[in-house]
Every structure is written in structure tokens, then in C-alpha cells.
Amino acid sequence: MRLSQAQRELFHQHGYFINENGGAYLSGTSLGYTKKVEVASVYERAREDCGERPNISAIARECSTSTWFVRKIESELREFGRVLKEDEMPKRREGPIGPCSKSLDNDDMLILYQLYLDEPSRTRASYIQWLFYFTGKVVSESTISSFFNKCFINKGGLCRPNFVPYDKFRPENYEKMLEYVATVSKIDPSRIKFGDEKHLKGQELFNRKVRRDVLTGVVPASLTTSDFRNTYTITGFCGIDPRSTPVWYNIHDDTNGASEFAVQLEMAIMSGFFHRGDVLVLDNATIHNGGENSVLEDWLWDNFGICLLFLPARSPELNPIEQVWKLLVQKMKKVPLNVMREAGADASAQAASVILSSMTHCDVAGCYKHC
């Protein structure tokens, strides 16, 4: 039966909910014995008509109940040959229910969480050992896994952590962080462009997991090109200025030094990626502010009208191009290996070039939002 909006509102005013088939129910209470008999009769009639297990969803729609309730009636009919009255229902297990409820009590869970706070990288064996030390209770590794993965809203599986150096929080570095944020917040984001280098290894593309052969137990080898052990350096700049490409890059074999970086930067300027009045943000790597580039700030301003800012110490999370590199590696790992084998030598460099060239201003804007 399809309920009108007025009927639904009336049920809601009295604390009732409406299931997917238009039936009203009160949360926390079960439907009465009369309703169970009604559903059972419809179920038996449908089974006689079709000669096999009837369509549960069709019965639920006809009786305005949930499919779960119909399966419950089906279970009682199969086990007892009839539906049960309230006083005949099997009693539920007394005590708490849910994941780990048979193995762990609240005190055990509190101890496990305190152990986690003490050392997030702790192994399951360590949790078992210390829980036994504090409580004398022995549990399995699967119980520890269930505790972290099923007892909370967020799953507590093992993840790769973010490494944060201690000196990031030195007072002088913190002051520079506040000064940088205050400065950047006053500048049009489209005029701010970020630069950095990326060391690209062929292994990042070819090093993928394979499945063990279930019949022989052998782990198959992956055929690669000679590019597998090659290493490249990408010098790149990114921005959201619609007058420029979203990503300027240059891929080369040699490692970057101060003079090489200056050459790459001048190439980007000559290509039209930078405009007078832009702000270039770099990290504090030696190739950016040491050696020949100790005068880079004055050179950029005097010759091109480009302002140079340096990121606070230990703050790669403030550089959107780090997200560009991350996106690059993610997309490279999705390139089919047979395509890479056909590309032959320099396959990694070719794949990186195609991916970086295809990035849009929207992609880079998404990287900016992460910072």
C-alpha cells in the first residue's frame, strides 16, 4: 500500500518509521503475532503456486514489511514448521553483543587502545603479550584485528604514516610558517606558482605485485624493458594561471645541480609559463638557494619581475607540486605493462611526459586545495 505524504507525516509524528514497502513500524519493537501469521500464509501460498522458494521481495511488498522480516518468518517455518509466539522465541545471549564481545570486555578494550596510543606501530603479538601482562587474558591475533577493524566507526588498519621531523616545530621555524601563510594569503592564488624536482625511477612503474599461482605456488616473473633500472630527474612548475599551461616540466637523465636548475627555470620563463608579477615558491633545497643560485631572488626580480618565496623548513605539504608528483606516480602505475614493454627504452620517461602533458588546470587546482 502506497502511503500519502500526509499519512507518512502522521506516522512520523507518533514515532513510527516507514519501511521500503510502505509498512509502518516502531524502532526497537517487533511486529505482532498476527502480522507474522499473515506473512507466513502469503509465503506458503506463494511457495505452493511456484513449487519452489518464493520471491522474498514480492512477499515483502504484498505484506508491506521489510525483506528481513520475511526471511525471519521463512527461517521459523523451516526450523519449527510454524511461526512462534513472543513467549516461544529463543532467548538471546545475555550480556554485550557485537565484535569481540565474547573475548574482550570494556577494560580490555581500554587497555588495547592505551597500548595503541603508546605505540601506533605495535604488532598484534605485542598487543597480545601486554594484554596478558595486565589482565591475564589470552586472545588471538584475529581478535586484535577485529578490535581495530570492526569495533569502531573508523577502521584501524595499518597505514603508511606521515614522517614529521622534530625540527619542524622549532620556534624559529614556526614563526617562519606563520609569516609565510600571512604573506601567501594576501596574494592572488593564480599568480603563485610552485616548483620542485622529482626523481623518477623505472621501478616505480614496473614494481607491481603479482598473484602467486594457486596450483604451483610459484610467483611469476614480470618481464620488463631495460628501462627498469633507469632513473630520471623531472624539473617541474605548476600553477592555476589560465594564461599558462598548468604544468611545465623537463625530463632529463642527469641529476639536478644549482646551475642545471637555473637553466631549467630560465627555459620555463622563456616558454611563457611565468609572467611579470608572478610569485615563485620553492623549498629550501641547496640547488634553489645555494651556490650559483644564492642570487636567484635578485636575478628573477631584476630581469623578469618575478618574486621568489621560500617555503618554511620541513613543509613539503605546503607545495602543491608534491601532489602533482603523487598524481603522476598513481597514473603511471595504471599504465598496462604490455604497453610499457612495447615502448621499449625510456618507457618511464615517455609515460611521465604523456601524463604530465594531459594534466588540466582543474587537476592542479585540486592539488592546490590539498595545501
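Each value, and the rule that gives it
- Residues numbered from 1 in each chain as written.
- Predicted model: local features only at pLDDT ≥ 70, side-chain atom pairs only at ≥ 80, totals over all residues.
- Heavy atoms only, no water.
- Helix = DSSP H or I, 4+ residues; strand = E, 2+ residues; numbered from the N terminus.
- Buried < 20%, exposed > 50% of the residue type's maximum accessible area, 1.4 Å probe, protein only.
- Contact = heavy atoms within 4.5 Å.
- Areas by Shrake-Rupley, 256 points an atom, 1.4 Å probe, with all protein chains shown as cover.
- Expected span 1.5 Å × (residues − 1).
- Patch = residues over 30% accessible without salt bridge, like charges linked within 9 Å, V, L, I, M, F, W, Y side chains within 5 Å.
- Salt bridge = Lys/Arg side-chain N within 4 Å of Asp/Glu carboxyl O.
- Axes fitted to C-alpha atoms, helices over the stretch in contact; angles between N-to-C directions.
- Parallel < 35°, antiparallel > 145°, perpendicular 65-115°, else oblique.
- Left-handed = near helix turned anticlockwise from the far one by under 90°.
- Nonpolar A, V, L, I, M, F, W, Y, C, P; charged D, E, K, R; others polar.
- Polar contact = N/O pair within 3.5 Å; in protein donor to acceptor, adjacent residues only side chain to side chain.
- Core = buried A, V, L, I, M, F, W, Y, C linked by side-chain atoms within 4.5 Å.
- Pairing = 2+ DSSP bridges.

Let's shift gears to the overall build of the protein chain. Helices and strands together make up the secondary structure of the protein chain, namely 16 helices and seven strands. In the protein chain, which comprises 371 residues, the share counted as buried stands at 36%. If you take every contact in the protein chain between residues at least 6 apart in sequence, the share linking residues at least 24 apart comes to 66%. Split by element, the accessible area of the protein chain, about 23,600 Å² in all, is 53% carbon and sulfur.

Right, let's talk about helix α13 (residues 320-332) for a bit. Taking 1.5 Å of rise per residue, 13 residues should cover 18 Å, and α13 covers 19 Å from first to last C-alpha, within 8% of that figure. Three or more residues of α13 are buried, namely P320, I321, V324, W325, L327, L328, V329 and M332.

The next thing to look at is a nonpolar patch on the surface. Residues Y113, Y116 and L117 make up a contiguous nonpolar surface patch of about 280 Å² in total accessible area. Tracing the backbone shows Y113 in helix α5 (residues 106-118). On the basis of relative accessible area, Y113 is assigned to the partly exposed category, the value being 39%.

Okay, the packing of α13 against helix α16 (residues 361-369) next. Contact geometry of α13 with α16 gives a least axis separation of 8 Å together with a crossing angle of 125°. Here α13 is positioned oblique relative to α16, judged by the angle of their axes. Relative to α16, α13 is oriented so that their crossing is right-handed. Contacts from P320, Q323, V324, L327 and K331 in α13 reach D363, C367 and Y368 in α16. When the residues that make up the contact of α13 with α16 are grouped by side-chain class, the tally is five nonpolar, one polar and two charged.

So, about the side chain of H252. The residue H252 is located in strand β5 (residues 247-252) in this model. There is a polar contact of 3.2 Å between the side chain of H252 and the side chain of N256. Those residues in contact with H252 that sit more than four places away from it in its chain are Y232, T233, T235, E260 and Q264.

Applying the stated rule across the entire model yields 17 salt bridges. Of the charged contacts in the structure, one is a salt bridge between E38 and K35, with a shortest N-O distance of 3.4 Å. One end of the pair is E38 and the other is K35, both in helix α2 (residues 33-50) and three residues apart, which spans about a single turn. A salt bridge links R45 to E62, with the shortest nitrogen-to-oxygen separation between them at 2.7 Å. Of this pair, R45 sits in helix α2 while E62 sits in helix α3 (residues 56-63); the two residues are 17 residues apart in sequence, bridging distant segments of the chain.

The next thing to look at is the nonpolar core. V324, L328 and L356 are the most contacted members of the largest nonpolar core, which has 34 residues in total. Breaking this core down by element, the ones donating at least two residues are α8 (171-184), β3 (192-201), β4 (231-238), β5, β6 (279-282), α13, α15 (347-358) and α16. Excluding residues that lie within four positions of it along the chain, L328 makes contacts with I234, A352, I355, L356 and M359. In this structure, F237, W248, L265 and F274 belong to the second largest nonpolar core, which totals 15 residues.

With that out of the way, let us pick up the sheet that holds β6. Strand order in the open sheet formed by five strands is β5-β4-β3-β6-β7, and the pairing between neighbours is mixed. If you trace the sheet from one side to the other, it starts and ends with β5 and β7 (307-310), each paired once. Ignoring which end each strand starts from, the neighbouring axes of this sheet average 25° apart. Summarising the sheet, β6 and β7 pair through four bridges and their orientation is parallel. Pairing of V281 across the sheet is with L309, part of β7. Against the sheet, α8 contacts β3, β6 and β7, and its axis sits at roughly 145° relative to β7. Running over the sheet, α16 touches β3, β4 and β5 and is turned about 95° from β3.

What follows covers the packing of α5 against helix α7 (residues 141-150). The interhelical angle for the contact between α5 and α7, taken along N-to-C directions, is 80°, at an axis separation of 12 Å. Considering the angle they form, α5 stands roughly perpendicular to α7. For the pair α5 and α7, the contacting residues are M109, L112, Y113 and Y116 in the first and I144, F147 and F148 in the second.

Further remarks concern unusual backbone geometry. In the Ramachandran plot, S64 falls in the positive-phi region, its phi being about 55° despite a non-glycine side chain. Tracing the chain through its elements places S64 in the loop between α3 and α4 (67-80). Looking at S64, the relative accessible area reads 17%, which means it is buried.

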